[in-house]
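Structural description and commentary
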Amino acid sequence: MMNSGPFFQLPVLKTARTLLRKMTLHDAEDMFMYCADEEVSRFTTWPTHQRMADTYHFLEFVIQRYDRGEIAPWGIVDVENDRLIGTCGFVSWRPTHGRAEIGYVLARDYWNQGYMTEVVNEVIHYGFHTMKLVRIEARCHLDNAGSAKVMEKCDMQFEGVLRKHLFNNGRYEDVKQYSIINEPLLHGM
């Protein structure tokens, strides 16, 4: 358990069109709308939400992580309508190695409009400047062209395919591995 550091009080972050903040149970209806969409959950490691209880269960899990100061995702809020449209955050963090992995999901109505690129760039900035990370990595399924495009637009470099890396939906799956390196931090060491 971590009592201090970058995630003890998850900060509010802003982009041109979004607000990244802690989620609450009040976000359940908005979250359910995209988590119940099979096109959205197709490439995730979690199953499509079948009922609101699935969404409440996930939000309760995230809120507990916030309360313990553990890594947990930001909720992505569209500033135009104040609705939760997705999540983005670090799914693993190895402070000793200066490394973290980023994960994200976005409501289908917001796909192909640059929202996730905007958000991921902000989270990368936070990781490099506040958490002092050296490496941020991300992975996606081989046929998830949208996610790969986000990583490439965020200057992440394709490193290769991790074969049979995930056990998901009853089978082992290959994933593409991307990363970005905090070059200024490396050169300042």
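Counting from 1, residues in each chain are numbered in the order their sequence is written. In view of the model being predicted, local features appear only for residues whose pLDDT reaches at least 70, and side-chain atom pairs are presented and counted only at 80 or more, with totals across whole chains, interfaces and linings using the full set of residues. Side-chain measures were taken over the full set of non-hydrogen atoms in the model, leaving aside hydrogen atoms and water.

For the rest of this paragraph, the subject is the side chain of Asp-78. In this text, helices come from DSSP runs of H or I with a minimum length of four residues, and strands from runs of E with a minimum of two, each type numbered from the N-terminal end. With respect to the helices, strands and loops of the structure, Asp-78 is situated in strand β3 (residues 74–78). Throughout this description, buried means an accessible area under 20% of the type-specific maximum (1.4 Å probe, protein chains only), exposed means over 50%, and partly exposed covers the range between. We count Lys and Arg on the positive side and Asp and Glu on the negative side, and we leave His and both chain ends out. A pairing counts as a salt bridge when a side-chain nitrogen of Lys or Arg comes within 4 Å of a carboxyl oxygen of Asp or Glu. Buried charge Asp-78 goes without a salt bridge, the closest partner of opposite sign being Arg-17 at 7.6 Å. Among the polar contacts listed, one links the side chain of Asp-78 to the backbone nitrogen of Glu-80, at a separation of 2.9 Å. Between two residues, a contact is recorded if the distance between any of their heavy atoms is within 4.5 Å. Those residues in contact with Asp-78 that lie beyond four places of it in its chain are Arg-17, Arg-83, Ile-85, Tyr-110 and Tyr-115. Polar contact is defined as a pair of N or O atoms within 3.5 Å, subject to the rule that within protein one atom must be able to donate a hydrogen and the other to accept it, and that residues adjacent in sequence are counted only when both atoms are side-chain atoms.

Here the focus is the state of the cysteines. Disulfides are defined as cysteine sulfur pairs within 2.5 Å. Taken as a whole, this structure holds zero disulfides when the rule is applied. The thiol of Cys-35 is unpaired, and the distance to the nearest cysteine sulfur, on Cys-88, comes to 14 Å. Look at Cys-35 and you get buried, because its relative accessible area is 4%. Sulfur of Cys-154: no disulfide; nearest cysteine sulfur belongs to Cys-88 and is 8.7 Å away.

Phe-90, Ile-136 and Met-156 are the most contacted members of the largest nonpolar core, which has 48 residues in total. Here this core takes eight residues from helix α4 (residues 115–129), the largest share from any one element. By convention a nonpolar core is built from buried Ala, Val, Leu, Ile, Met, Phe, Trp, Tyr and Cys residues, the set being connected through side-chain atoms within 4.5 Å.

Locating Thr-87 in the fold gives a position in strand β4 (residues 83–94). In contact with Thr-87, not counting residues within four places along its chain, are Met-23, Met-31, Tyr-34, Pro-73, Trp-74, Ile-76, Gly-103, Tyr-104, Val-105 and Met-116.

Attention now goes to the packing of aromatic side chains. Whether two aromatic rings pair depends on their centres lying within 6.5 Å, for rings of Phe, Tyr and Trp, where Trp uses its six-membered ring; planes under 30 degrees apart make the pair stacked, over 60 edge-to-face, and the rest tilted. Summed over the entire model, instances satisfying the criterion amount to four aromatic pairs. Ring geometry for Trp-74 and Tyr-126: centres 5.4 Å apart, planes at 85°, overall edge-to-face. Of the two residues, Trp-74 sits in strand β3 while Tyr-126 sits in helix α4, which places them 52 residues apart along the sequence. As far as the burial class goes, Trp-74 and Tyr-126 line up, both buried. With 4.7 Å between their ring centres and 55° between their planes, Phe-167 and Tyr-172 make a pair best called tilted. We call a charge positioned above a ring when the Lys NZ or Arg CZ atom is no farther than 6 Å from the ring centre and deviates by at most 35 degrees from the ring normal. The ring of Tyr-115 has Arg-17 sitting right over it, with the charged end atom 3.8 Å from the ring centre.

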